[in-house]
Amino acid sequence: MVSMNSAQSPAIRREKSLTTQVAEEIERMITSGSIKPGERINEKHLADRLDVSRGIVREARRGLEQSGLLISIPHKGVFVRRVSPHELEENNDMRALITGFICAQAAKKISLKQLQRLQDLIEAMNTYLHDDRYQEYYQANIEFHDALLEAAGHQRAASIYNQLVAESNLARKIVLSNHDHMIASNSEHRDILDAVSQGDVEAARHAGELHVKLGYERFRQKVVPTLNASDQA
């Protein structure tokens, strides 16, 4: 059967569709290393292991492809996205620049309603990290950055940012399943919000860039050694 996060209440579990539960369990397998980067996704094996139909696994898999965790290769199958340490480093360089730009734009344009949305998300993430609900934390993290994109109002920047995020999604999910890393990440979110709320363009740019750079240091601690080991296997 699909294993559920022990921190979730029965009410929360009932609200989730079976497809969502299966997708979250596959994510857990990937982030825990049970399914390795570059490994082919075997729908029948997963369906048997999770005691669900292959159709449910297929639907969950499609959602994970859209989020960037999985990649479909024609005539070969679906695989866990595999990103080299060098690719991660280059991705980080560009995400830092674009995130800084987005935060600077948000500092110029953000509304009171959008500021409140960011504050609410930070508070939600604070609750999730204390309960070790990393799935919910990660989703709120995505919504926080999406809210910054909306406040920035720059479509081209949003398009570039979303592409970069899709390419680094697996590494970020692994890092944000760590309690200490979630605490550090949300502290950086508060720094971004403080600068944006004050309309301080350069401070917002710096806070956005620093958030990504410090996140990459967390990547280096936890993700890069795993990827190097995978490359040598």
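This text gives an overview of the structure that appears in the document. (Residues numbered from 1 in each chain as written. Predicted model: local features only at pLDDT ≥ 70, side-chain atom pairs only at ≥ 80, totals over all residues. Heavy atoms only, no water.)

Charged atoms that come close allow side chains of opposite charge to pair. Scanning the entire structure with this criterion turns up 13 salt bridges. Taking the shortest distance from any N to any O, the salt bridge between E25 and R28 comes out at 2.8 Å. A residue pair is termed a helical-turn pair when its members lie 3 or 4 positions apart in one helix, as E25 and R28 do in helix α2 (residues 18-32) at three residues. A salt bridge links E188 to R218, with the nearest nitrogen and oxygen atoms 2.9 Å apart. Placement of E188 in helix α9 (residues 179-197) and of R218 in helix α10 (residues 201-222) is noted, with a sequence separation of 30 residues between them. Pair check on accessibility: E188 and R218 agree, each one buried. (Salt bridge = Lys/Arg side-chain N within 4 Å of Asp/Glu carboxyl O. Helix = DSSP H or I, 4+ residues; strand = E, 2+ residues; numbered from the N terminus. Buried < 20%, exposed > 50% of the residue type's maximum accessible area, 1.4 Å probe, protein only.)

This part takes up the side chain of Q135. In this fold, Q135 is placed in helix α7 (residues 134-152). Other than its neighbours up to four places away in sequence, Q135 contacts E24, E27, R28 and K173. (Contact = heavy atoms within 4.5 Å.)

For D51, which is not glycine, the phi torsion reads 60° and is therefore positive. Positionally, D51 belongs in the loop between α3 (43-50) and α4 (54-66). Take D51: its relative accessible area is 52%, and that puts it in the exposed class. Of note in the backbone geometry, H75 takes a positive phi value of approximately 70° without being a glycine. Assignment of secondary structure puts H75 in the loop between β1 (70-73) and β2 (77-80).

Further remarks concern helix α8 (residues 155-175). Here α8 spans 28 Å end to end across 21 residues, near enough to the 30 Å set by a 1.5 Å rise per residue. At S168, α8 shows its maximal bend, which comes to roughly 60°. (Expected span 1.5 Å × (residues − 1). Bend = angle between axes of the 7 residues up to and from the residue.)

For R95, the location among the structural elements is in helix α5 (residues 85-109). In this structure the C-alpha to C-alpha distance between R95 and G208, which are 113 residues apart in sequence, comes to 9.5 Å.

We now examine the packing of helix α6 (residues 112-130) against α7. The geometry of α6 relative to α7 is characterised by a closest axis approach of 9 Å and an angle of 165° between their N-to-C directions. Between α6 and α7, the angle falls in the class roughly antiparallel. Viewed along their axes, α6 and α7 form a crossing whose handedness is left-handed. The segment α6 lies against α7, with Q114, R117, L118, L121, I122, M125, Y128 and L129 engaging E136, Y137, A140, N141, E143, F144, A147, L148, E150 and A151. Across the contact of α6 with α7, the residue classes break down as 12 nonpolar, two polar and four charged. (Axes fitted to C-alpha atoms, helices over the stretch in contact; angles between N-to-C directions. Parallel < 35°, antiparallel > 145°, perpendicular 65-115°, else oblique. Left-handed = near helix turned anticlockwise from the far one by under 90°. Nonpolar A, V, L, I, M, F, W, Y, C, P; charged D, E, K, R; others polar.)

Of the voids in this model, the largest pocket is the one considered here, and its volume is about 470 Å³. Together, 22 residues line the largest pocket, and E27, Q135, Q139, I142 and K173 are the ones closest to its centre. At the level of secondary structure, the elements contributing two or more residues to the lining of the largest pocket comprise α2, α4, α6, α7 and α8. Among the elements that line the lining of the largest pocket, the one with the most residues is α7, at seven residues. Residues that form the lining of the largest pocket fall into these classes: nine nonpolar, seven polar and six charged. (1 Å grid on protein atoms, 1.4 Å probe; cavity = no way out; pocket = protein on both sides within 12 Å on 5 of 7 lines; lining within 4 Å. Points joined across faces, edges and corners; volume = space filled by probe spheres on them.)

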